[in-house]
Amino acid sequence: RGELIFSSAALATQSDDPRIHRLLARIRGELEEWQAIETDGEDLRAMATAARARVSIADAALDHRLHRFATDLLDTCDAASDIYQAFFPEPHEEIIALGLACEIPMATLVLGRLAAEDHAAQTLRDAHADALRAALQLGHVALSDRAEAYAALGRHQARTEAWLTSCGAILRTTRDALAKLAEDRRLSPRWVDAFFPTE
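Residues numbered from 1 in each chain as written. Predicted model: local features only at pLDDT ≥ 70, side-chain atom pairs only at ≥ 80, totals over all residues. Heavy atoms only, no water.

**A short note on the overall build of the protein chain**
When its secondary structure is counted, the protein chain shows seven helices and zero strands. Listed by position from the N terminus, the elements making up the protein chain come as α-α-α-α-α-α-α. Its C-alpha radius of gyration of 31 Å places the protein chain more than 25% over the 16 Å reference for a compact globule of 199 residues. With 199 residues in all, the protein chain has 36% of them scored as buried. A total accessible area of about 11,500 Å² is found for the protein chain, and carbon and sulfur atoms account for 55% of it. (Helix = DSSP H or I, 4+ residues; strand = E, 2+ residues; numbered from the N terminus. Rg over C-alpha atoms; globule rule 2.2 N^0.38 Å. Buried < 20%, exposed > 50% of the residue type's maximum accessible area, 1.4 Å probe, protein only. Areas by Shrake-Rupley, 256 points an atom, 1.4 Å probe, with all protein chains shown as cover.)

**Section: the nonpolar core**
Counting 27 residues, the largest nonpolar core has Phe69 and Phe88 as its most contacted members. Core analysis: the second largest hydrophobic core is formed by 21 residues, Leu11, Ile20, Ile170 and Phe195 among them. (Core = buried A, V, L, I, M, F, W, Y, C linked by side-chain atoms within 4.5 Å.)

**Regarding helix α6 (residues 122-185)**
Helix length check: α6 (64 residues) gives 92 Å between terminal C-alpha atoms against 94 Å at 1.5 Å per residue, within 8%. In the structure, α6 departs most strongly from a straight axis at histidine 128, where the bend amounts to approximately 45°. Directly beyond the C-terminal end of α6, a positive phi value near 60° is found at arginine 186. (Expected span 1.5 Å × (residues − 1). Bend = angle between axes of the 7 residues up to and from the residue.)

**Here's the deal with the pattern of salt bridges**
A side chain with one charge can pair with a side chain of the opposite charge if their charged atoms come near. Taken as a whole, this structure holds eight salt bridges when the rule is applied. A salt bridge links arginine 185 to aspartate 17; the shortest N-O distance between them is 2.4 Å. Here arginine 185 is found in helix α6, whereas its partner aspartate 17 is found in the loop between α1 (2-12) and α2 (18-74), with 168 residues between them in sequence. By relative accessible area, which is 13% here, aspartate 17 ends up buried. (Salt bridge = Lys/Arg side-chain N within 4 Å of Asp/Glu carboxyl O.)

**Here we look at the side chain of histidine 156**
Of note, histidine 156 is situated in helix α6. Under the relative-accessibility criterion, histidine 156 is labelled buried at 10%. The contact partners of histidine 156, leaving out residues within four places of it in the chain, are Ile37, Asp40, Gly41 and Leu44. (Contact = heavy atoms within 4.5 Å.)

**Considerations on the packing of α1 against α6**
One can describe the packing of α1 onto α6 by two numbers: an axis separation of 11 Å at closest approach and a directional angle of 35°. Our pair here, α1 against α6, has a crossing hand that is left-handed. Contacts between α1 and α6 involve Glu3, Leu4, Ser7 and Leu11 from the first element and Trp163, Cys167, Ile170, Leu171, Thr174 and Leu178 from the second. Per-class residue counts for the contact of α1 with α6 are seven nonpolar, two polar and one charged. (Axes fitted to C-alpha atoms, helices over the stretch in contact; angles between N-to-C directions. Left-handed = near helix turned anticlockwise from the far one by under 90°. Nonpolar A, V, L, I, M, F, W, Y, C, P; charged D, E, K, R; others polar.)

Now the structure itself:
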């Protein structure tokens, strides 16, 4: 980008020349595209940060709901019992420690078991089903938002790389055009070099 800025400023000093003005317009167009890319990048990074924050909150909410459910369940049985194993094939503490993406299948299993259990689970169902369902929904939305934000960042990175390729091509074609102009006007090759940074 710095090379384009340098060349743009250098070309602008002679923009009254139609052949140079055309080259300047092309470079300015590329710089405007870079400004748009930078602005979009800032917006997308902010969106990704916000999505990560929503995942963090959804994770904490589901942690809480699963822990509360497991605590109440363990008031009625122990961790080795069949009923606990039916709800938690793995210890709930381990599932909670793994994070939101791993908790969602567990929360889905818990809700399914609560719905399938007979009246003996009615107290647990009444106390936890709605809150678990709400936390599960929050988790699904948060993970989906994060996936979309990361996908958008990936597309933005591809756009940035395409711009860098285009930038290199424009600098090469600008140098070639100036070299042809110098040849036509019998100007020194140093005149061409003056339009590009040396460091």
